[in-house]
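Structure at a glance
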Amino acid sequence: MTTAVVGLSLSPTWWRGGAWREIGSRIEDLASGEALVDAARLADSAGVHFAFKPDSLELDASVLTEWPGQTGPDPLVLMSAIARETRRIGLVPTYSTTFAEPYLVARELQTLDQLSAGRAGWNAVTSLGGSRNMSGEQPSADERYGRAREVIETVRRLHASYPARAVLADREGAYADASLIAEIERTERFDVRGPLTVPAVRDEPLPLLHAGGSPASLTLAALHADAVFAMTESASAGEELRRGLAALAGERATPRVLPGVVLCLGATRDRAWERFEAAGGGGGARHWTIVGTPADASQQILGRIRAGAADGIIALPYGSWEAVELFTGEVMPELLRSEVFAPPRPDLREILRRR
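Owing to the predicted nature of the structure, the values given are computational and were not obtained by experimental measurement.

1. Side note on the nonpolar core
Core analysis: the biggest nonpolar cluster contains 76 residues, and Leu10, Trp122, Leu263, Ile301, Phe327 and Phe341 have the highest contact counts within it. Among all residues touching Ile301, those that are not within four sequence positions of it are Leu263, Trp288, Ile290, Ile313, Val331, Leu335 and Phe341. Core analysis: the second largest hydrophobic core is formed by 21 residues, Phe52, Leu209, Val291 and Leu316 among them.

Okay, structure coming up:
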């Protein structure tokens, strides 16, 4: 059986509702990203396989009297900071393929991969909002997904335009073998030539996640992604999604199904439920939610993996900073001891891809 994987979302859901108002919540460290870097440090030490940063291109200021909303640092810049503070954990920033320019995406990701010694991946999403900040109108669904396919294709071609094997660093000869560095073919939407200014770390595409649930989204994921950030509340929904992706993928390896799991944790079940209710009583639309002790969470996660309803999880600690500490300090060791989950190592490509 392919070993399961664990990601940590740096949304951060632990500040939702009224949880940010608590003493010790570390809300003052949100804008600087310091609390998110610390969460990634804890995850790295615990053996979490990758840190995942969702993104929003809009800010709804009306909610800021109640909670921080979409406030937070840029995903790529945050992951670059985390790269220097961690050793093993994979780094997965989010890009909107609806608005992003593929050359800039490719160069930034290639740089992150160099900074982290090969630990970078990316989450490609189509945006339902953000057009007012991107000097354009909101495109149709067909246009969004058509553009997404071409962004992914162009980024992968650019990744290969300056291959790792081209770098010689021969002080008595050439820095690189120019015969291996080449321009790329254009796509229908993008007349991008390359090559990149940054060489690849490895001559293999960066791992790709995709988040979404529409039929067009699932087709995109099945044909291009290595994993899907899924909103599957029930085990049956996870099983159905896995079957659907396998049918769409054909001969291609089926992407991993990684459901988001809202984890409202406490030393006791009563304490966990107190946290859950104080934070507003909900972690996110259609996400699998566990309220209880770390042992409760470990048991439920392992049960769903063993039942074949998921290929891993993306953890969304909820209700308090303590949930981050309990997830990394108590849930992760239990998951790794089970041998259902892959051992930690600094190779996101190897961890995420099915062979």
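2. Some words on helix α8 (residues 294-306)
Look at α8: 18 Å from first C-alpha to last across 13 residues, which is about the 18 Å you get at 1.5 Å a residue. Taken together, the buried positions of α8 are occupied by Pro294, Asp296, Ala297, Ser298, Ile301, Leu302, Arg304 and Ile305. On its buried side, α8 packs onto α6 (235-249), β7 (256-265), α7 (269-278), β8 (288-292), β9 (312-317) and α9 (321-337). Phi turns positive, to about 80°, at Gly308, one or two residues after α8.

3. Observations regarding the environment of Val198
In this fold, Val198 is placed in the loop between α4 (141-161) and β5 (208-211). For Val198, a relative accessible area of 16% translates into the label buried. For the pair formed by Val198 and Ala106, sequence separation is 92 residues and the distance between their alpha carbons is 9.3 Å. In this structure Val198 touches Arg107, Gln110, Thr111, Gln114 and Tyr162, once residues within four positions along its chain are discounted.

4. So, the pairing of strand β6 (residues 227-230)
Neither face of β6 is left uncovered, since the one carrying Ala227 and Phe229 and the one carrying Val228 and Ala230 both have all their residues buried. One ladder, built from 3 bridges, connects β5 with β6; its direction is parallel. Following the sheet pairing, His210 is matched in β6 by Val228. In this region the chain leaves β5, passes through helix α5 (residues 215-224) and returns to the parallel neighbour β6; the handedness of that crossover is right-handed. Crossover connection from β6 via α6 to parallel β7: handedness right-handed.

5. A few points about the packing of α4 against α5
Where α4 meets α5, the axes come as close as 10 Å, and the angle between the chain directions of the two elements is 20°. When the axis of α4 is compared with that of α5, the two are roughly parallel. Of the two elements, α4 crosses α5, and the hand of that crossing is right-handed. On α5, the residues touching Tyr145, Ala148, Arg149, Ile152 and Arg156 of α4 are Ala216, Ser217, Leu220 and His224.

What counts and how
- Residues numbered from 1 in each chain as written.
- Predicted model: local features only at pLDDT ≥ 70, side-chain atom pairs only at ≥ 80, totals over all residues.
- Heavy atoms only, no water.
- Core = buried A, V, L, I, M, F, W, Y, C linked by side-chain atoms within 4.5 Å.
- Buried < 20%, exposed > 50% of the residue type's maximum accessible area, 1.4 Å probe, protein only.
- Contact = heavy atoms within 4.5 Å.
- Helix = DSSP H or I, 4+ residues; strand = E, 2+ residues; numbered from the N terminus.
- Expected span 1.5 Å × (residues − 1).
- Pairing = 2+ DSSP bridges.
- Right-handed = clockwise from strand over helix to strand, strands pointing away.
- Axes fitted to C-alpha atoms, helices over the stretch in contact; angles between N-to-C directions.
- Parallel < 35°, antiparallel > 145°, perpendicular 65-115°, else oblique.
- Left-handed = near helix turned anticlockwise from the far one by under 90°.

Purely geometric stuff here, so don't read any function into it on its own.
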